[in-house]
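# Remarks on the overall topology
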Amino acid sequence: MFETKAPPLEIGNKSAKIPIIQGGMGVGISGPGLATAVADAGGIGVVSAVGIGFEEPDFFTDFDEANRRALRKKLRKARQGTNGLLGVNIMVALTDYDTMVDIAIEEKMDFLFLGAGLPIKFPEKFTREKFQKIDAKFIPIVSSAKAVELIFKVWAKKFDYIPDAVVVEGPLAGGHLGFKPEQIDDPEYSLEKILVPVIERLKPFEKKFNKNVPVIAAGGIYTGADIHRMFRLGAKGVQLGTRFVATHECDADEKFKQAYLQARKEDIKIIRSPVGLPGRAIYNKFLADVEDGYKHPVNCPCKCLRTCDYKTAPYCIALALTQAKKGLFKSGFAFAGDNVWRVNEIISVKELIYTLLQEYEKADIEVMAG
C-alpha cells in the first residue's frame, strides 16, 4: 500500500485509499489477474463480464450457461486473491445483462459498473429496500449530463433510490464510445467540458437523497498530472484502462500487450463497430480488410448483444476481440485509448500506480507553488 497525498475515493461505506479504478476491458483483457493486483495496491480492480464465457467449451451451444459459469469462476478467483476492493463491468446491451447483475451481487462484488447503454431497467424485484440491503454499489458509465439526469430521474421515480457514483467517460477512451462520430474530435465534448456539467446536474439529487455521489473521470487519462487536473475540476476519482493493459498482471496474451507497445499515433483509428457504435482501436490488416468490404463469416447462435445485427454484420466483434486477446491478430483487433502510442514498456501494476502517484504529487506541488 502506498502513502499518497491524493484523497481516498469514498463511495458509500467503501473507501479506496488510492482513488484509481482500473477500467473493465473485455473480452478477457481485465480478468482476475489484473483486478486483484490493482485491488492489492489500494485501488479498485475490475473484472469485465463482456464475453467472459468465450473460453468455455459450450459457449456456442449453451451461451447463457457458459457465461454464468465463467463469470462466477472469474469473480470467485478474484475475490479469493485479494482483500481489496473489486468491481465488475457489465454492458447494459448484453442480452444476459440481468443475469450478470444478479451473479455480481451474489458473488459479493463491491461495485457494479454499468455501461454501453443506459441502466434504467431492472427486474421488478429491485426496490428501494432491495438496493439498501445490497452491499454492492451501482455505478453507471455516462458520456453526458443529459444521460446522467435521465438515469437519476428514472431511478428516483421508480426505486426512490439513486446510483452510488458515476463514471464520466470522455471521447479519448478506448473501445466503444458513447458519442456520435462528429463529436469525438469536437473540443466541446472533451472530458473537461462534460465533467463539470455532470457534477452540477447531480447536486439536486444529492440534496434530495442526502447522499454524496462521487464523479469519476475516465477516457484519455494517462499521467498523474491528468489525475490532478481532473480532481481540480471536481472529480473524486479516475478510471484508467489503456495503461493497465501494459502491465505484467494484465490477463491478455503478451502479443496483445506488444501491439500496444508497437502502436504509433497514426495507427489509432475510429472504427464503426457491428454493435452500432463508434469505437477506438489499433488499426491492422483485419480492420483494413473489413473496410475494403471483406466479410468474415458470422455464425451467431448466442446473440450476445441486443444492438448487433449478426445477419448483416461484417464480422463477430466478440470473436474478433477474443482472438486478439489470445494474440491472434489475423482474425481480430485490439481496442485501445487515444494515448496508447505513448506506452513504451510493460511494468507491474505497483510500478504503474507508484508512478501515477508521484506524478500527482509533483503536479500538486507545482500548483501550490503557483
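Here the structure is shown first, and the text comes after it.
Below is a summary of the structure that appears in this document. A quick note: this is a predicted structure, and the numbers were derived from the prediction, not measured.

What counts, and where the lines are drawn
- Residues numbered from 1 in each chain as written.
- Predicted model: local features only at pLDDT ≥ 70, side-chain atom pairs only at ≥ 80, totals over all residues.
- Heavy atoms only, no water.
- Helix = DSSP H or I, 4+ residues; strand = E, 2+ residues; numbered from the N terminus.
- Buried < 20%, exposed > 50% of the residue type's maximum accessible area, 1.4 Å probe, protein only.
- Contact = heavy atoms within 4.5 Å.
- Areas by Shrake-Rupley, 256 points an atom, 1.4 Å probe, with all protein chains shown as cover.
- Lys, Arg positive; Asp, Glu negative; His and termini not counted.
- Charge placed at Lys NZ, Arg CZ, Asp CG, Glu CD.
- Phe/Tyr/Trp six-rings, centres within 6.5 Å; stacked < 30°, edge-to-face > 60°.
- Lys NZ or Arg CZ within 6 Å of the ring centre and 35° of its normal.
- Pairing = 2+ DSSP bridges.
- Right-handed = clockwise from strand over helix to strand, strands pointing away.

## Overview of the overall build of the protein chain
- Along the backbone of the protein chain there are 12 helices and 14 strands.
- In terms of principal-axis extent, the alpha carbons of the protein chain reach across some 55 × 50 × 40 Å.
- Every one of the 370 residues in the protein chain was classed for burial, and the buried ones make up 57%.
- Intrachain contacts of the protein chain at a sequence separation of at least 6 include 69% that bridge at least 24 residues.
- For the protein chain, the accessible surface area stands at approximately 16,600 Å², while carbon and sulfur atoms represent 50% of it.
- Positive and negative side-chain charges of the protein chain, numbering 51 and 47 respectively, have mean locations separated by a distance of 3 Å.

## Some thoughts on the packing of aromatic side chains
- Scanning the model with the defined rule gives nine aromatic pairs in all.
- Both rings, one in F138 and one in W155, keep their centres 6.0 Å apart while their planes meet at 65°; by these two values the pair is edge-to-face. With F138 in strand 7 (residues 137-142) and W155 in helix 5 (residues 145-159), this pair connects stretches of sequence that are 17 residues apart. Pair check on accessibility: F138 and W155 agree, each one buried.
- Considering the side-chain rings of F286 and F333, the 6.0 Å spacing of their centres and the 25° angle between planes classify their relative orientation as stacked. A residue pair is termed long-range when its members are at least 10 positions apart, and F286 in helix 10 (residues 285-291) and F333 in the loop between helix 11 (317-325) and strand 14 (334-335) qualify at 47 residues. The burial state of F286 is the same as that of F333; both residues are buried.
- Following the ring pairs from residue to residue traces out a cluster consisting of F138, W155 and F159.
- Positioned above the aromatic ring of Y161, the side-chain terminus of K211 is 4.1 Å from the ring centre.

## So, the pairing of strand 5 (residues 85-91)
- Burial analysis of strand 5 places seven of its seven residues in the buried class, the great majority of the element.
- Neither face of strand 5 is open: one carries L85, G87, N89 and M91, the other L86, V88 and I90, and all of them are buried.
- In the sheet, strand 4 (residues 44-48) pairs with strand 5 via five bridges, with the strands oriented parallel. For S48, the partnering residue across the bridge sits in strand 5 and is N89.
- Considered for its hand, the β-α-β crossover made up of strand 4, helix 2 (residues 63-81) and strand 5 is right-handed.
- For the segment spanning strand 5, helix 3 (residues 97-106) and strand 6 (residues 111-115), crossover handedness is right-handed.

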